[in-house]
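Residue-level listing of the chains:
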Amino acid sequence: MQTPSFETLDPRFGRYALGNVHLERLYTGCRWSEGPTYVPAGRYVVWSDIPNNRVMRWDETDGSVSVFMQPAFHSNGHTLDRQGRLISCEHGGRCVSRVEHDGRRTVLADRFEGRRLNSPNDVVVKSDGSIWFTDPTYGIDSDYEGDAAESEIGASQVYRIDPDKLAVTCVIDDMVRPNGLAFSPDEQWLYVADTGASHVPNGPRHLRRYTLDASGRSVRDGELWATATVGLFDGFRCDVDGNVWAGAGDGVHCIAPDGTLIGKILVPEVVANVCWGGPKRNRLFICGTTSLYAIYLRTTGASWI
Ligand code: MG
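Remember, it's a predicted structure, so these values are computed and weren't measured experimentally.

### As for the overall build of the protein
Moving on, step 1. A count of helices and strands for the protein gives zero helices and 27 strands.
Moving on, step 2. Rg of the C-alpha trace for the protein: 18 Å, near the compact-globule value of 19 Å for 305 residues, within the 12% margin.
Moving on, step 3. Each principal axis of the C-alpha distribution contributes one length, and for the protein these read about 55 × 40 × 35 Å.
Moving on, step 4. The burial tally for the protein puts 58% of its 305 residues in the buried class.
Moving on, step 5. Restricting to contacts in the protein with at least 6 residues of sequence separation, those with at least 24 account for 46%.
Moving on, step 6. Entry remark: accessible area of the protein is about 11,800 Å², with carbon and sulfur atoms responsible for 47%.
Moving on, step 7. Put simply, the protein has 31 plus and 39 minus side-chain charges, and the middle of one group is 3 Å from the middle of the other.

Listed below in structure tokens is the structure:
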């Protein structure tokens, strides 16, 4: 099946692409849309407009869009923790923070071994409550998406925040610019995008798949799993079947668990990130450069976060 919104590259994609369903643009007017998260209890999506230093909110009940927070610490990636609290990656704060139920902001991590983080980019929460995030330099490379500064750590790594002690440990140190990340539905694997091609000629533009150790607190054997065929893989989420839906240069690429690109959602702007939402979790919200898009699919997200 092929409609203007879907491109099928493998028969397996056919079951996910609904007939007579098209990409909807819900809002436009951002400079760089990123970090969407659907809040099921409130039926809204928050997402970042990083250069404009604001977080936006799209209300599912009436389709209205408002500024959720500005200034907003040049926030990038968002997710919810297991208690439904909003977790933010702050370029400006160079930290991962949490909004408490009473609205206060708590900084969860801003340093590793005494040195300031670069600019946390994307974040996911594991079933045990631990918070995993990437820390490339995009938010300190210039004043456009944060505040220009030198890296104190001198590397772009992936970290885990312990849910009890809030201790920060490094879980991945062999990437160039780690970016989006997500666990497979069974948490057997951790997928991490490397957008190192932005800084290194012919650098990485791929997803790597790491195996979780028995403890569930560390990973090993990061294998090259899928390479972006258009643009770079930035943020992504998994569906219940283990497919990865990843932002890329021409839309959202759907990659089967065996690493095969099976189809695309075609989007007229470069896609940075996606999240699942709607009461049935069968709608994919898509941050595409200046806009927020959405499309219904015949699958559901592996989780809300
Ligand atoms: Mg990102």
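Picking up where we left off.
### Some details on the side chain of Glu269
Moving on, step 1. Mapping Glu269 onto the fold places it in the loop between strand E24 (261-266) and strand E25 (271-277).
Moving on, step 2. No salt bridge is formed by the buried Glu269; the nearest opposite charge belongs to Arg25, separated by 4.6 Å.
Moving on, step 3. There is a polar contact of 2.6 Å between the side chain of Glu269 and the side chain of Thr290.
Moving on, step 4. Residues within four places of Glu269 in sequence aside, it is in contact with Gly249, Gly288, Thr289, Thr290, Ser291 and Tyr293.

### Here's the deal with the nonpolar core
Moving on, step 1. Counting 21 residues, the largest nonpolar core has Trp245, Ile265, Leu284, Ile286 and Ile295 as the members making the most contacts within it.
Moving on, step 2. Elements that contribute at least two residues to this core include exactly strand E23 (251-255), E24, E25, strand E26 (283-288) and strand E27 (291-296).
Moving on, step 3. Counting residues in each nonpolar core, the second largest holds 15 residues, with Ile87, Ala109, Ile131 and Phe133 among its members.

### Observations concerning the coordination of the magnesium ion
Moving on, step 1. Donor atoms from the polypeptide that bind the magnesium ion are Glu34 (OE), Asn121 (OD1), Asn179 (OD1) and Asp234 (OD), placed at 2.2 to 2.6 Å.
Moving on, step 2. One chain supplies every donor for the magnesium ion, spaced along it as E-x86-N-x57-N-x54-D. A residue pair is termed long-range when its members are at least 10 positions apart, and Asn179 in strand E17 (residues 178-183) and Asp234 in the loop between strand E20 (219-227) and strand E21 (236-238) qualify at 55 residues.

Reading the values: the criteria
- The written sequence of each chain sets the order in which its residues are numbered from 1.
- Two thresholds apply to this predicted model, a pLDDT of at least 70 for residue-level local features and 80 or more for giving and counting side-chain atom pairs, whereas whole-chain, interface and lining totals are computed over all residues.
- Side-chain metrics in this entry use all non-hydrogen atoms of the structure; hydrogen atoms and water are not considered.
- Note on conventions: DSSP H or I runs of at least 4 residues are helices, E runs of at least 2 residues are strands, and numbering of each starts at the N terminus.
- The atom set for the radius of gyration is the C-alpha atoms, and the globule formula is 2.2 Å times the number of residues raised to the power 0.38.
- Using a 1.4 Å probe on the protein chains alone, a residue whose accessible area is under 20% of its type maximum counts as buried, one over 50% counts as exposed, and one in between counts as partly exposed.
- In what follows, residue pairs with any heavy atoms lying within 4.5 Å of each other are defined as contacts.
- Working definition of accessibility: Shrake-Rupley area with a 1.4 Å probe, residue cover restricted to the visible protein chains.
- Positive charges come from Lys and Arg, negative ones from Asp and Glu, while His and the chain ends are left out of the count.
- Throughout, a charge is located at the NZ atom of Lys, the CZ atom of Arg, the CG atom of Asp or the CD atom of Glu.
- The term salt bridge refers to a pairing of a side-chain nitrogen on Lys or Arg with a carboxyl oxygen on Asp or Glu at a separation within 4 Å.
- Residues adjacent in sequence count toward polar contacts only when both atoms are side-chain atoms; beyond that, a polar contact is any pair of N or O atoms within 3.5 Å, and within protein one must be able to donate a hydrogen and the other to accept it.
- Definition used in this section: a nonpolar core is a set of buried Ala, Val, Leu, Ile, Met, Phe, Trp, Tyr and Cys residues joined via side-chain atoms within 4.5 Å.
- With water excluded from the atoms, a metal site may look incomplete; its donors are any N, O or S atoms within 2.8 Å, or within 3.2 Å for Na, K and Ca.

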